[in-house]
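So the chains spell out like this:
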Amino acid sequence: MSAGTNKIAVTVTDVVPVNELVKRFRFVRADGGQLPTFSGGAHTVVEMRDGDTQRLNPYSLMSDPMDQSAYTISVRRDDQGRGGSLFMHNKVRPGDAMTISYPVNLFSLDLRARKHLMIAGGIGITPFLAQIKQLTAMNGRFELHYACRTPALGSYVDELTAKHPNNVHVYYDDQGQVIDLEHLLDGQPLGTHIYVCGPKGMIGWVRGKAAELGWPREAVHYEEFLAPQPGKPFEVKLAVSNKVIQVGENQSLLEAIEAAGVDAPYLCRGGACGQCETDVIGYDGKFIHRDHWLEDDQKAGGRKIMPCVSRFEGKTLVLDR
Amino acid sequence: MTIQFNEETFRDDYTFRNSDWAIKRFPFPFHEDSYMYSVNMEQHQGGPAGSVFEKRFDVDEHYVAEMKDRALVLAEDPLRCQSLPHMTLAGWDLLELIMVSKSEDYPDLFELHRDGNNWHWINRPMGIEQKFVFMDESTLPYGPMEYITRQAQGDFCVLDQRDDNLWMDAGMVTTQADWSLDFDIGMNFFEWHAPVPKAHEMGIFVRALKFLLNIQQGMPARRLNWTMTVNPLLDTSPENYHKWGVQKTTLTPENLGAKQHLRVELQTFFRLPRSNALVFPIRCYLISLEDLVTVPKWGRRLHRVIRDLPVELATYKGFIDNRPMILDYLAQHDDGLPTSDGIWPDLATEPPLSPS
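Our subject in this report is the structure included herewith. No experiment lies behind these values; they were computed from the predicted model shown.

Residues and elements named next belong to chain B. Judged by how many residues are buried, strand β6 (residues 155-162) sits mostly within the fold: eight of eight residues are covered. Neither face of β6 is exposed, since D155, C157, L159 and Q161 on one face and F156, V158, D160 and R162 on the opposite face are all buried. When β6 meets strand β7 (residues 165-172), the two strands line up antiparallel, connected through seven bridges. The residue of β7 that forms the bridge with F156 is M172. The loop that links β6 with its antiparallel partner β7 comprises two residues; one of these, D163, has a positive phi angle of about 55°.

Moving on, we get to the environment of A:Q80. Note on placement: A:Q80 falls in the loop between β5 (71-76) and α1 (84-91). Given a relative accessible area of 66%, A:Q80 falls into the exposed group.

A ring pair, where both rings are aromatic, is described by two values, the distance of the centres and the angle of the planes. Taken as a whole, this structure holds 29 aromatic pairs over all chains when the rule is applied. A centroid spacing of 4.7 Å and a plane angle of 10° characterise the contact between B:F269 and B:F280, whose relative ring orientation is stacked. Separated by 11 residues along the polypeptide, B:F269 in strand β9 (residues 260-271) and B:F280 in strand β10 (residues 278-288) bring together distant segments of the chain. Overall, B:F280 belongs to the buried group, its relative accessible area being 10%. A network of ring pairs unites the aromatic residues B:F28, B:F30, B:Y35, B:W226, B:W298 and B:F319 as a single cluster. Over the ring of A:Y266 we find A:R269; its NZ or CZ atom is 4.3 Å from the centre of that ring.

Counting from both sides, the interface comprises 17 residues of chain B and, opposite them, 23 residues of chain A. Here chain B packs against chain A, burying approximately 1,900 Å² in sum over the two surfaces, 52% of which is carbon and sulfur. By the criterion of area lost to chain A, the three top residues of chain B are B:Q216, B:Q217 and B:R274, representing 28% of everything that side buries. For the pair chain B and chain A, the interface holds zero salt bridges. At the boundary of chain B with chain A, the tally comes to five residue pairs in polar contact (both at pLDDT 80 or more). Of the residues that constitute the side of chain B that touches chain A, the class distribution is five nonpolar, nine polar and three charged.

Calculation criteria
- Residues numbered from 1 in each chain as written.
- Chains lettered and ligands numbered in written order.
- Predicted model: local features only at pLDDT ≥ 70, side-chain atom pairs only at ≥ 80, totals over all residues.
- Heavy atoms only, no water.
- Buried < 20%, exposed > 50% of the residue type's maximum accessible area, 1.4 Å probe, protein only.
- Helix = DSSP H or I, 4+ residues; strand = E, 2+ residues; numbered from the N terminus.
- Pairing = 2+ DSSP bridges.
- Phe/Tyr/Trp six-rings, centres within 6.5 Å; stacked < 30°, edge-to-face > 60°.
- Lys NZ or Arg CZ within 6 Å of the ring centre and 35° of its normal.
- Contact = heavy atoms within 4.5 Å.
- Buried area = accessible area lost by both parts, 1.4 Å probe.
- Salt bridge = Lys/Arg side-chain N within 4 Å of Asp/Glu carboxyl O.
- Polar contact = N/O pair within 3.5 Å; in protein donor to acceptor, adjacent residues only side chain to side chain.
- Nonpolar A, V, L, I, M, F, W, Y, C, P; charged D, E, K, R; others polar.

See below:
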């Protein structure tokens, strides 16, 4: 199986500041053709060439899934991150040529649902923007509960409340507004599905409360892409390709493997999908597992690592790659 | 190339036949002289010119006759086509995929003109012309999946993807190797594969499911599967077993070459964009053993595969009782010479059958 998905060459047509933390980017096909339709909740992996560094970051598609003329994404600036969002914010300009992946959906709507209950935190709003457009076209029933830090940072609040005044509920942290989750979940009709996208704490809170109230596991959907975090540099031996590589401070292990010219599978690059799972042949040191994929006993077992987000500290690490 | 469509039947008088062209492009499923299950998947991104792998949806000389046979099956048993309510969007996805693929791959046979959601579809071999509104079911004579799969060879399973599993939630199944959509509808991947011997213990299905869940838009995949069928019957369904099962007892050493067919399924897998469902087209190709052995390599190899097949598999595939007679026939076409690797006929390089 080859790595990742098909690629699409695109041109950036618009870069629009949404607020002080978020910018929106619009892509059209470089060859002037149509982009593939997609399903609400899908993401694309954006390739960024920043000098000698190549980064591939996943971003949820927020445009209308039926609109084949352009894709849009929104990127929240992370000043402490490894630089992907800073590159998008500071270096990408209209007219730039970029490469993105075909859409991949790891957070799709369950189309059996009688009602879709969406809970978003911050930039976690983006997949819901596409899902709401899809559901609106299909006369699907939805209700969005969206928590933001402040009105100034409430990305797309105005658009959402104007178009869907009866279905969108916004909560501002700075005004002490909190989603009354227990009450909200208690009042849903049979056949409702819950979708949550936002910070780790919010996802855990919603999943925990839903489980406590007896919601079926299959009716609770969540997506949390982790951004790879910087860390101490480390060295890795790739046994199959017989290479020794260095993983830099601001580089993920997966990116270092790719930079060495080794074809490694991936999809989400955010610790969620399991596609990049790699066998550990030997190690002397400590794993820093950061993914959602491996079970706790697998993380303790020292035989698997998810190179998209996890790191290593120690003397030697040998991978089956 | 212009295709001459056969006038032929897959029932009663069985006038089905393969032309020399169809024999040479037959998807022979064995790449070596033995067979065991494997996940044998590859990308479905074209193939050698003229082969059944070249186009996204292969159209061949049997197209028109197969569609007539499908209409007969559906008239007798409408439950061969079912779509659970949440699968309508996937049906539109499938209609678009087939119409776009066929009109691009066979522009002399099919045309699709799109003006926004106003679509105009022309199917020349079947004499169909239809103007309709995409995503508006009221503008088509059937639901979108049924409409387009009445015009596409092979069975179609439309699988919903959720809870890290695939669910048989829609399909058009009239040319199946003894399984029933009506029985399997709503089942998940492990449930509908429960009757398959050995493969569960081998971990085949866990690996296959992982692969299928990760098939992405623009990256379709394919594999071959096979069984044996007496008489060129497309509809070998459990519903009609009382009609065709008994035909397995009509084989004689004299008629076996003409009556016994190798049945090969070209299985493909496409991610559907709007619904995130997976469509699993299962295209059936039939060839009589007397036609198959005109390719010396295939005659030698099929004899070895059938001879060495584990009893469980020959039982599951439904030819255990006839295996001795089939082997007697095939042994006449196996001179023991080595065979070349791969599935292709290699007519230019493989030696003819040595005189015994």
